[in-house]
Amino acid sequence: MNNDAATLADYAARIEALAVELGLDFHRVDFELVPNSFMAEIAIYGLPVRMRHWSFGLRYIQQLVQQKMGNSHIFEVMFPGDPCHAYMAENNSVADNTLVTAHVLGHADFAHRNQLFVRFGAMAGMHILEQSAARAHRIEQALQRHGQEQVEAVLDAALALEQHVDINLPLHRTRYCCHDTAGAVPAPSPLASFTQRYQHLPGERPAAEQPAGRPLLPPQPEHDLLWFIAQYGPELADWERDIFLAVREESFYFYPVYACQIMNEGWASYWHARLLREADFLPPALYLSAIKSHSDVVRPHAGERQLALSLNPYHLGFRMWERIIEDQGLEKARQICRDDDDFSFIRNYLDAELADELGLFVHESRRDGETRLASRDLHAIREAILAPKYNYGAPCIAVTVLSDDGSLVLRHDHQRDGRGLDLEQAERVLAYVARVWRRPASLHTTDFRGTPRVLASGSSGSTRVAPPARPPA
């Protein structure tokens, strides 16, 4: 161990002891120093060992370009679990990695407290690195047995649908009972006691009567596309189903990170700043260097005093937690940390005074390239921040009918999304689905103008855009 590594290890141990003294609670964190190239691979693949796919290679190239341009610097990558795993770049300065140590402990505390992390961690398992490595090994075996072309076709479809899971239902689900026993009533949803209160609201349409005879499949619109294809794909081999379920399991693991990004990064930034401030054993020069890195991480501006048109979640979360702790105390902050996600956090605790202080606004970009301020209304600001997060950032699409001939009918709930689909991209995804479904598939949607469209794909994956069906006279 060289002198820098020994110094960092000493500071890390003392910062962890200080964190415990200040009330942070977390599973053990295993830190590892790794080369910059490995850090980039972890950030792109999402995990240190994961299934191989060409899309990750494209992301890796984009990340390298961003780094060369000076627009991206990866300080750390942390994976919640028991234990947590954290990776730091070995060519970071001791000051930077001291800050990273404190930041990771904040993340570990957040993941240990927040109920979304706790619930999804319990479902997906608390040993994600080992689990993902085992899944990658199984896929490597499939590559050896079935060839790259076949395996890649399945991965194309599964990864194109990786956000299309139903996070309101459990990871481990059983098949519909109506599929196996004719005429049986579908098993109630695990959240039925919660959702039943919304089934009879004024203005809601009653559910259509199910005709006698063969039960409908699915019995209700199914938004977990990965699960449905894995369970009901008419000709999927076991190794193909395994790929779909592996991608789905990893998607469940990552959902809390996605849904709590502003809270989580803000909480970690608050605690790294506080831990460094109270770590009186740090040399002044190292402290100043670490705080300079902190300022770079949580700055609101694109550079100098340029306005940033994209939100920095570190900056917004940090300032919101500072305000909450100052006004309502640390115990209230810990309660919010436990109970909220970004939706409730932004709607409940981003007030007009803070939005004005932070200079937040909604902008719109015209087709001629002009960008202009659209609104400073608080509600509009909140919804603009949250809009990309709805439905895991994916369009709301459900399987609505599995026909007698095995063809698949998907429907896009564009009213819930508030937008149409990019038809070119939708055609590609539908072609991926049709190739693994091996039966015709269709998607009912709208284009960006709101005009109804039906995309149809044959079992070979070729697609066409059909005109909307005309209503009967």
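Analysis parameters
- Residues numbered from 1 in each chain as written.
- Predicted model: local features only at pLDDT ≥ 70, side-chain atom pairs only at ≥ 80, totals over all residues.
- Heavy atoms only, no water.
- Helix = DSSP H or I, 4+ residues; strand = E, 2+ residues; numbered from the N terminus.
- Buried < 20%, exposed > 50% of the residue type's maximum accessible area, 1.4 Å probe, protein only.
- Contact = heavy atoms within 4.5 Å.
- Areas by Shrake-Rupley, 256 points an atom, 1.4 Å probe, with all protein chains shown as cover.
- Axes fitted to C-alpha atoms, helices over the stretch in contact; angles between N-to-C directions.
- Parallel < 35°, antiparallel > 145°, perpendicular 65-115°, else oblique.
- Left-handed = near helix turned anticlockwise from the far one by under 90°.
- Nonpolar A, V, L, I, M, F, W, Y, C, P; charged D, E, K, R; others polar.
- Salt bridge = Lys/Arg side-chain N within 4 Å of Asp/Glu carboxyl O.
- Phe/Tyr/Trp six-rings, centres within 6.5 Å; stacked < 30°, edge-to-face > 60°.
- Lys NZ or Arg CZ within 6 Å of the ring centre and 35° of its normal.
- Polar contact = N/O pair within 3.5 Å; in protein donor to acceptor, adjacent residues only side chain to side chain.
- Patch = residues over 30% accessible without salt bridge, like charges linked within 9 Å, V, L, I, M, F, W, Y side chains within 5 Å.
- Lys, Arg positive; Asp, Glu negative; His and termini not counted.
- Charge placed at Lys NZ, Arg CZ, Asp CG, Glu CD.
- Pairing = 2+ DSSP bridges.
- Core = buried A, V, L, I, M, F, W, Y, C linked by side-chain atoms within 4.5 Å.

Turning next to the overall build of the chain. Scanning the chain from N- to C-terminus turns up 20 helices and 10 strands. Expressed as a percentage of the 473 residues in the chain, the buried residues total 47%. A sequence separation of at least 24 residues applies to 71% of the contacts in the chain between residues at least 6 apart. Accessible surface computed for the chain: about 24,400 Å², of which carbon and sulfur atoms make up 51%.

Turning our attention to the packing of helix 6 (residues 128-146) against helix 11 (residues 238-259). The contact between helix 6 and helix 11 brings their axes to 11 Å, and the two run at 155°. Between helix 6 and helix 11, the crossing angle belongs to the class labelled roughly antiparallel. Once helix 6 is placed against helix 11, the crossing between them reads as left-handed. Residue-level inspection shows Ile128, Gln131, Ser132, Arg135, Arg138, Ile139, Ala142 and His146 of helix 6 in contact with helix 11, the latter providing Trp239, Asp242, Ile243, Ala246, Glu249, Glu250 and Tyr253. For the contact of helix 6 with helix 11, the class distribution of residues is 7 nonpolar, 3 polar and 5 charged.

The subject of this paragraph is the pattern of salt bridges. One pass over the full model with this rule turns up 25 salt bridges. Between Asp156 and Arg435 there is a salt bridge; the shortest N-O distance is 3.7 Å. Separated by 279 residues along the polypeptide, Asp156 in helix 7 (residues 148-160) and Arg435 in helix 20 (residues 423-437) bring together distant segments of the chain. Each of the salt bridges in this network shares a partner with another, and the network as a whole consists of Arg50, Arg135, Glu162, Glu249 and Glu250.

This next bit is on the packing of aromatic side chains. Tallied over the full model, the rule gives 21 aromatic pairs. Residues Tyr258 and Tyr392 carry aromatic rings whose centres are separated by 5.1 Å and whose planes lie at 55° to one another, so their mutual orientation is tilted. Of this pair, Tyr258 sits in helix 11 while Tyr392 is found in the loop between helix 18 (378-386) and strand 6 (397-402), placing the two residues 134 residues apart along the sequence. Under the relative-accessibility criterion, Tyr392 is labelled buried at 8%. On the numbers, 6.1 Å between centres and 65° between planes, the contact of Trp267 with Trp271 is edge-to-face. Taken as a pair, Trp267 and Trp271 lie in helix 12 (residues 261-278) at a separation of 4 residues, close to a single helical turn. The class for Trp267 is buried, based on a relative accessible area of 0%. An aromatic cluster is built from Trp267, Tyr270, Trp271, Trp321, Phe345 and Tyr349, whose rings are joined through pairwise contacts. If you follow Arg173 out to its NZ or CZ, it ends over the ring of Trp227, 3.8 Å from the centre. The side chain of Lys389 reaches across the aromatic face of Tyr258, ending 5.2 Å from its centre.

Turning our eyes to something else, we now look at the packing of helix 7 against helix 20. Across the interface, helix 7 lies against helix 20 with an axial gap of 9 Å and an inter-helix angle of 130°. It follows from the interaxial angle that helix 7 and helix 20 lie oblique. Two packed elements cross with a definite hand, and for helix 7 against helix 20 that hand is left-handed. Note on element contacts: helix 20 touches helix 7 through Val429, Tyr432, Val433, Arg435 and Val436, opposite Ala153, Val154, Asp156, Ala157 and Ala160. Class assignment for the residues of the contact of helix 7 with helix 20 results in 8 nonpolar, no polar and 2 charged.

When you line up the elements, Ser375 lands in strand 5 (residues 371-375). Polar side-chain contacts of Ser375 include one of 2.9 Å to the backbone nitrogen of Asp377. Every residue in contact with Ser375, bar those within four places of it in the chain, is listed here: Phe361, Val362 and Ala380.

A cluster of acidic residues, Glu326, Asp327, Glu353 and Asp356, forms a negative patch on the protein surface. As for its position among the elements, Glu326 is in helix 14 (residues 313-328). Judged by relative accessible area, Glu326 falls into the exposed class, the value being 66%.

This part covers the pairing of strand 3 (residues 84-89). Summarising burial for strand 3: 6 of the 6 residues are buried, a large majority. With burial as the criterion, each face of strand 3 is covered, one bearing Cys84, Ala86 and Met88 and the other bearing His85, Tyr87 and Ala89. Pairing of strand 1 (residues 29-34) with strand 3 involves 6 bridges; the strand directions are parallel. Across the sheet, Val29 pairs through a bridge with Cys84, a residue of strand 3. Here strand 2 (residues 76-79) folds back onto strand 3, and the loop between the two strands holds 4 residues.

A word on the nonpolar core. The nonpolar side chains of a soluble globular protein tend to be buried with one another. In terms of nonpolar packing, the biggest core is built from 131 residues, with Phe244, Trp321, Phe345 and Leu350 touching the most fellow members. Excluding residues that lie within four positions of it along the chain, Trp321 makes contacts with Met263, Gly266, Trp267, Tyr270, Ala333, Ile336, Cys337 and Phe345.

What follows deals with the environment of Glu249. Within the element layout of this structure, Glu249 appears in helix 11. For the pair Glu249 and Leu171, spaced 78 residues apart in sequence, the C-alpha separation works out to 7.0 Å. Apart from residues lying up to four places away in sequence, Glu249 is in contact with Ala124, Gln131, Arg135 and Leu171.

It is worth spelling out the side chain of Asp224 at this point. Of note, Asp224 is situated in the loop between helix 9 (192-195) and helix 10 (225-232). Since its relative accessible area comes to 0%, Asp224 is described here as buried. Among the polar contacts listed, one links the side chain of Asp224 to the backbone nitrogen of Asp166, at a separation of 3.4 Å. Excluding residues within four positions of it along the chain, Asp224 makes contact with His164, Val165, Asp166, Arg173, Arg248 and Phe252.

Strand pairs in the sheet, formed through backbone hydrogen bonds, run parallel or antiparallel to each other. Pairing is mixed in the open sheet, where 3 strands are placed in the order 1-3-2. The strands lining the two open edges of the sheet, one partner per strand, are strand 1 and strand 2. Averaged over all pairs of adjacent strands, the angle between strand axes in this sheet comes to 15°, irrespective of strand direction. Helix 2 (residues 36-45) rests against strand 1, strand 2 and strand 3 of the sheet, and its axis sits at about 135° to strand 3.

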